[in-house]
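Listed here are the chains, written in short residue letters.
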Amino acid sequence: MEEIPSHYILSRWRKDVKRSYVLDHSCSGVDIKNPVHRYDDLYKRMVQVVEEGRQSQDRYKVTLQALDEILNKLHLVEDHQV
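Residues numbered from 1 in each chain as written. Predicted model: local features only at pLDDT ≥ 70, side-chain atom pairs only at ≥ 80, totals over all residues. Heavy atoms only, no water.

**Remarks on the overall build of the protein chain**
Item 1. Scanning the protein chain for helices and strands turns up two helices and zero strands.
Item 2. Out of the 82 residues in the protein chain, the part that is buried amounts to 6%.
Item 3. Carbon and sulfur atoms make up 56% of the accessible area of the protein chain, which amounts to about 8200 Å² in all. (Helix = DSSP H or I, 4+ residues; strand = E, 2+ residues; numbered from the N terminus. Buried < 20%, exposed > 50% of the residue type's maximum accessible area, 1.4 Å probe, protein only. Areas by Shrake-Rupley, 256 points an atom, 1.4 Å probe, with all protein chains shown as cover.)

**Section: the packing of helix α1 (residues 35-53) against helix α2 (residues 57-80)**
Item 1. One can describe the packing of α1 onto α2 by two numbers: an axis separation of 8 Å at closest approach and a directional angle of 145°. Between α1 and α2, the residues in contact are Met46, Val49, Glu52 and Gly53 and Arg59, Tyr60, Thr63 and Leu67, respectively.
Item 2. For the contact of α1 with α2, the per-class residue count stands at four nonpolar, two polar and two charged. (Axes fitted to C-alpha atoms, helices over the stretch in contact; angles between N-to-C directions. Contact = heavy atoms within 4.5 Å. Nonpolar A, V, L, I, M, F, W, Y, C, P; charged D, E, K, R; others polar.)

**Here's the deal with a nonpolar patch on the surface**
Item 1. On the surface, Ile70, Leu71 and Leu74 cluster together into a nonpolar patch covering about 270 Å² of accessible area.
Item 2. Tracing the backbone through its elements, the reader meets Ile70 in helix α2. (Patch = residues over 30% accessible without salt bridge, like charges linked within 9 Å, V, L, I, M, F, W, Y side chains within 5 Å. Salt bridge = Lys/Arg side-chain N within 4 Å of Asp/Glu carboxyl O.)

**Topic: the environment of Gln55**
Item 1. Among the secondary structure elements, Gln55 is positioned in the loop between α1 and α2.
Item 2. A polar atom in the side chain of Gln55 sits 3.4 Å from the backbone oxygen of Glu51.
Item 3. Within the structure, Gln55 has its side chain in polar contact with the side chain of Arg59 (distance 3.5 Å). (Polar contact = N/O pair within 3.5 Å; in protein donor to acceptor, adjacent residues only side chain to side chain.)

Coordinates in, geometry out; function isn't part of it.
Below you can see the structure in the form of structure tokens.
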């Protein structure tokens, strides 16, 4: 066998996969006191950012720049709370 038959290849294994995550906005509020809720909310939002950023080289560059800015701002908040 030289090639794996296509019906054995899952779509998530393909390089050209198009992911479409559906964010659950059924609950408009997030309990910010709960670290699990904060994590879940941030994770869902970051998945959306990643999906947008991977669509082209220009979007990728903009996404990287924006993420760097966010990290810098977070480090400033951390520094001021010490």
